[in-house]
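# Topology and contacts: notes
Spelled out from the first residue to the last, the chains are:
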Amino acid sequence: MNLYHCSVDLRDNAKALAFAAAVEAWMEHMKAHGVILSWRMCRRKLGFGGPRARDFLLEIEVENLTQLDEAFRFSATKDETTERLYTTVHQMVGEVDVALYRPFPDAERAERMAFI
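A few points on the structure. Not measured: the values here are computed from a predicted model.

This brings us to the pattern of salt bridges. By the definition in use, this model includes five salt bridges. Note that arginine 54 is salt-bridged to aspartate 9, the shortest N-O span being 2.9 Å. Pair noted here: arginine 54 is in the loop between strand E2 (38-43) and strand E3 (56-62) and aspartate 9 is in strand E1 (residues 2-10), with a separation of 45 residues, a long-range link. In this structure, the salt-bridge partner of arginine 40 is glutamate 59, at a minimum N-O distance of 3.4 Å. Here glutamate 59 lies in strand E3 and arginine 40 lies in strand E2, a separation of 19 residues in the sequence. Here arginine 40 falls in the partly exposed class, since its relative accessible area comes to 49%. Through salt bridges with shared partners, one network takes in Asp9, Arg54 and Asp97.

Below, the structure is given as structure tokens:
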């Protein structure tokens, strides 16, 4: 399992509830097509957080890096529904930071692995 985290601040003209509805439609579309396992979104409470903390945290769970790659490829699909759902979310996003996490400690101990 891998967790793809997106820390998001909205554009000034975007509304939080509209963003939440758009993210739900987009994530459920991706989940229905099997390119993600699950997702959840949280909002920073009472403005509490460090100076670099963003307002929303979107966590997307994928089985492995192959599935994550499939999710990125799916996002670029040119079918009308996928493009509309992606664009609706993307147009509301101002600033975003992303990170990829995995459970730790893990059996692979990936930090010790290298190709060279």
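Okay, back to it.
All right, on to the sheet that holds strand E4 (residues 93-101) then. The four strands lie next to each other as E2-E3-E1-E4, forming an open sheet whose pairing is antiparallel. Edge positions in the sheet fall to E2 and E4, since each has one partner strand and no second. Averaged over all neighbouring strand pairs, the angle between strand axes comes to 15°, with direction disregarded. As defined by bridge partners, E1 adjoins E4 across eight bridges and the pair is classed as antiparallel. Paired with valine 8 across the strands is valine 96, a residue of E4. Packing of helix H1 (residues 16-32) onto the sheet brings it into contact with E1, E2, E3 and E4, and relative to E2 it is tilted by some 170°.

Thresholds, definitions, all that
- Residues numbered from 1 in each chain as written.
- Predicted model: local features only at pLDDT ≥ 70, side-chain atom pairs only at ≥ 80, totals over all residues.
- Heavy atoms only, no water.
- Salt bridge = Lys/Arg side-chain N within 4 Å of Asp/Glu carboxyl O.
- Helix = DSSP H or I, 4+ residues; strand = E, 2+ residues; numbered from the N terminus.
- Buried < 20%, exposed > 50% of the residue type's maximum accessible area, 1.4 Å probe, protein only.
- Pairing = 2+ DSSP bridges.
- Axes fitted to C-alpha atoms, helices over the stretch in contact; angles between N-to-C directions.
- Contact = heavy atoms within 4.5 Å.

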